[in-house]
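# Fold and contact review
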Amino acid sequence: MIASLAECRYDARNHCTFGGPVSSTAASSTPLKAAVIGIGWAGQQHVKAYQAMPGVELVAIAEPNATLLDQVQKEYGVPKGYSDFRDLLKIEKPDLVSVGTPNFAHAEPAIASLDSGAHVLVEKPLARTYLEGRSMVDAAIRNDRVLQVTFNQRYRQDVQTVKRFVDEGRMGEIYHAKSRWLRRDGIPGRGRKWFVSKELAGGGPLIDLGVHMLDMALYIMGEPEVEAVSGAAYNRLGQRFVTEIYGEEAVYEVEDFASSFIRLAGGRTLQLEASWATYRENGDLINMTIFGENAGAELTSKNYQTQGAVRFYVDAAGVPSEIVPEIPSGANSKPGHLIVAEQFVERVRSGAYDQFRGQEGLLRTWIIDAIYRSAAEGREIKLSELKE
Ligand SMILES: NC(=O)c1ccc[n+]([C@@H]2O[C@H](COP(=O)([O-])OP(=O)(O)OC[C@H]3O[C@@H](n4cnc5c(N)ncnc54)[C@H](O)[C@@H]3O)[C@@H](O)[C@H]2O)c1
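No experiment lies behind these values; they were computed from the predicted model shown.

### Section: the overall build of the protein chain
Across its full length, the protein chain carries 12 helices and 15 strands. The C-alpha atoms of the protein chain give 21 Å as radius of gyration, which agrees with the globular expectation for 388 residues (21 Å, within 12%). The dimensions of the protein chain, computed from C-alpha atoms along their principal axes, are 65 × 55 × 45 Å. Looking at the protein chain residue by residue over its 388 residues, the buried ones come to 56%. Pairs at least 24 residues apart make up 69% of the contacts formed inside the protein chain by residues separated by at least 6 positions.

Quick look at the structure:
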């Protein structure tokens, strides 16, 4: 029999305690009902993650594309499929919902799921704008539920190696970082034309790839306070590339390259860049440069390779020295989506969600919204300007 959070005992703050002091192992004997809304590439990663997790039962998926719904339901053996997520929520009453819809369709199913009593794991970016994201966080607070954004790239083995080096205190204070994801020719294809619509996606490579690089940088730097941003967004090559992918009718409305400068508290700074189309080496480049008072770090991953991707620069034996950590090959690592989903479930089971109402995702959306506004207005923007 599938038990649900309805069986929880709630404490004075309406936190589920599963009848006693909460421990993830004690609680894991109670299966949680999970559902996934939107099952394109990203949604299928959530399907696989829930199916791989003990104590979680994937009960249903929702997807308006009937062919895809049927195909995914059969391929993964998902018990129920719905064309409308509202029916899924009403009938299945899931405890956990993953939202893997396009950016324009994150807020509605996420808020409806939170209002139905489910905890929500939403794909990145949280939302297209600060205000849209704020409405999602408000729904999580109103319903006392977890809202988490899928920042899977931070669990790459190379990023985790840098994070451990920083957390060991080896770098001293980090005063500047540069974080970028660049592609020569990487506008999303395979029928996902919504990615190039400003209205549907909220932006181009900055909101798509840049949000991961922003997340990695803030995570590694220990979540510094962000004060102001200055940005530039270019649309020079996009139309040429998008015509090749989607034909003459396609209109490329978002940036193809964005560059920005972010002021952090205490005079620290961060540069962020992202491109889907630029004249540079072919493939995907994920690159971070981090300057600390006692050491530096450089992460350079071409086409997602993690082996040999990290260098640390230190003083050793009185001379400038380089450390090249041995990072296991990506093939042996746990998928980032599974790590994120496990963390999400652990947070749900912990019963203490105050820190997990989507605040982390909202800050990243807020910064990106401010960068787009800075690019449009040609001036530095303080984050506080976006609150109203
Ligand atoms: N974390 C990552 O690594 C990663 C990678 C790719 C995409 N993403 C994110 O995942 C999201 C989806 O991207 P994708 O590449 O899978 O896109 P996609 O277009 O392939 O898939 C989205 C699916 O959602 C469905 N959909 C649309 N509206 C819906 C609704 N109201 N209810 C249910 N389903 C609906 C579409 O029919 C489609 O099948 C985006 O927000 C994207 O930024 C994250």
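### Looking at the sheet that holds strand 10 (residues 269-275)
If you walk across this open sheet you meet the 9 strands as 14-13-12-11-7-10-9-8-15, and the pairing is mixed. Only two strands of the sheet have a single partner each, and these edge strands are strand 14 (319-323) and strand 15 (381-382). Here strand 13 (residues 310-316) runs beside strand 14; their pairing, made up of 5 bridges, is antiparallel. From the neighbouring strand, Ala-316 faces strand 14, where its bridge partner is Val-319.

### Side note on the nonpolar core
Core analysis: the largest hydrophobic core is formed by 117 residues, its most contacted members being Tyr-50, Ile-262 and Ile-367. Top element by residues in this core is helix 9 (residues 205-220). It accounts for 11 residues. The two domains that each donate at least three residues to this core are domain 1 (5-151 + 336-357) and domain 2 (157-332).

### Observations concerning unusual backbone geometry
Following Lys-124, the chain continues to Pro-125 via a peptide bond in cis, the omega torsion being -10°. Of note, Pro-125 is situated in the loop between strand 5 (119-123) and helix 6 (130-143). Of note in this structure, Asp-144 is not a glycine but carries a positive phi near 55°. Within the secondary structure layout, Asp-144 lies in the loop between helix 6 and strand 6 (147-150).

### Focus on the site of the ligand
The immediate surroundings of the ligand are formed by 24 residues, with Glu-63, Asn-103, His-106, Asn-152 and Arg-192 found nearest. A distance of 2.9 Å is found between a nitrogen atom of the ligand and a side-chain nitrogen or oxygen belonging to Glu-123. Between the ligand and the protein, one listed contact pairs an oxygen atom with a side-chain N or O atom of Trp-194 at 2.9 Å. When the free accessible area of the ligand is taken as 840 Å², the share hidden by the protein chains comes to 85%. In terms of residue class, the shell around the ligand is made up of 11 nonpolar, 9 polar and 4 charged.

### Section: the domain arrangement of the protein chain
Many descriptions give the size of an interface as the accessible area lost when the pieces come together. You can read the domains of the protein chain as domain 1 (5-151 + 336-357) and domain 2 (157-332). The gap between the C-alpha centroids of domain 1 and domain 2 is 28 Å. At the junction of the two partners, domain 1 supplies 9 residues and domain 2 supplies 10 residues. Summed over both partners, the interface of domain 1 with domain 2 buries about 950 Å², with 62% contributed by carbon and sulfur atoms. Sorting the residues of domain 1 by area buried against domain 2 places Lys-124, Arg-128 and Phe-151 first, and these three jointly supply 52% of that buried surface. Across the contact surface, domain 1 and domain 2 share 2 salt bridges. Lys-124 is the partner of Asp-208 in a salt bridge, and the nearest nitrogen-oxygen pair spans 2.8 Å.

### Observations regarding the pattern of salt bridges
Under the definition given, this model contains 26 salt bridges. Between Glu-322 and Arg-311 there is a salt bridge whose closest N-O contact spans 2.9 Å. On the criterion of sequence distance, the pair formed by Glu-322 in strand 14 and Arg-311 in strand 13 is long-range, its members being 11 residues apart. Salt bridges here are not isolated pairs; linked through shared partners, they connect Arg-154, Asp-215, Glu-223, Glu-360 and Arg-364.

### Quick look at the environment of Lys-90
Structurally, Lys-90 can be placed in helix 4 (residues 85-92). C-alpha of Lys-90 to C-alpha of Ser-116: the two residues are 26 residues apart in sequence and 7.8 Å apart in space.

### Structural notes on the side chain of Arg-280
Along the chain, the position of Arg-280 falls in the loop between strand 10 and strand 11 (284-292). Excluding residues within four positions of it along the chain, Arg-280 makes contact with Leu-182, Arg-183, Arg-184 and Leu-285.

### Digging into empty space enclosed by the protein
Counted according to the given criterion, the structure contains 1 cavity of 30 Å³ or more. Computed from the structure, the largest cavity encloses a volume of approximately 30 Å³. Around the largest cavity, the lining residues are Gln-148, Val-149, Phe-151, Arg-154, Tyr-155, Val-340, Gln-343 and Glu-360. Secondary-structure elements contributing two or more residues to the lining of the largest cavity are strand 6 and helix 11 (336-350). Its residues placed into classes, the lining of the largest cavity shows 4 nonpolar, 2 polar and 2 charged.

### Considerations on the sheet that holds strand 4 (residues 96-99)
An order of 3-2-1-4-5-6 is seen for the 6 strands of this open sheet, with the pairing classed as parallel. Single-partner strands in this sheet number two, and they are strand 3 (80-82) and strand 6. The mean angle between the axes of side-by-side strands here comes to 25°, regardless of whether they run parallel or antiparallel. When strand 4 meets strand 5, the two strands line up parallel, connected through 4 bridges. Each residue of the ladder has a partner; that of Val-97, found in strand 5, is Val-120.

Cut-offs used in this document
Residues take numbers from 1 onward in each chain, read along the sequence in its written order. Selection of residues for local features in this predicted model requires a pLDDT of at least 70, selection of side-chain atom pairs for listing and counting requires 80 or more, and totals for whole chains, interfaces and linings are taken over all residues. Computation of side-chain values covers all heavy atoms of the structure but excludes hydrogens and water. Going along the chain from the N terminus, every DSSP run of H or I of four or more residues is numbered as a helix, and every run of E of two or more is numbered as a strand. Only C-alpha atoms enter the radius of gyration; for comparison, a globular chain is expected to reach 2.2 Å times N to the power 0.38, where N is the number of residues. Exposure is judged per residue with a 1.4 Å probe applied to protein chains only, and the accessible area is read against the type maximum: over 50% gives exposed, under 20% gives buried, and values in between give partly exposed. A contact between two residues is defined here by any heavy atoms of the two lying within 4.5 Å. Here, a strand pair is defined by DSSP locating no fewer than two bridges between the strands. Nonpolar cores are built from buried Ala, Val, Leu, Ile, Met, Phe, Trp, Tyr and Cys residues. Side-chain atoms within 4.5 Å join them into one set. Domain delimitation follows an automatic or database domain assignment. In these notes, residues near a molecule or strand are those with any non-hydrogen atom within 4 Å of it. Here a polar contact is recorded for every N or O atom pair within 3.5 Å, except that within protein the pair must consist of a potential hydrogen donor and a potential acceptor, and residues adjacent in sequence are included only if both atoms are side-chain atoms. The accessible surface values rely on the Shrake-Rupley method and a 1.4 Å probe; as for residues, cover is taken only from the protein chains in view. Residue polarity is assigned by list, with Asp, Glu, Lys and Arg as charged and Ala, Val, Leu, Ile, Met, Phe, Trp, Tyr, Cys and Pro as nonpolar; anything else, Gly included, falls into the polar class. Once two parts are brought into contact, the accessible area they lose, counted with a 1.4 Å probe and summed over both, makes up the buried area. Only one rule defines a salt bridge in this text: a Lys or Arg side-chain nitrogen within 4 Å of an Asp or Glu carboxyl oxygen. Space inside and on the surface of the protein is sampled on a 1 Å grid over the protein atoms alone, with a cavity defined as a set of points where a 1.4 Å probe fits but cannot get out and a pocket as an open set with protein on both sides within 12 Å along at least 5 of 7 lines; lining residues have an atom within 4 Å of a point. Grid points are joined across faces, edges and corners, and a volume is the space filled by probe spheres set on the points. Lines fitted to the C-alpha atoms define the axes, with helices restricted to the stretch that makes contact. Angles between their N-to-C directions range from 0 to 180 degrees.

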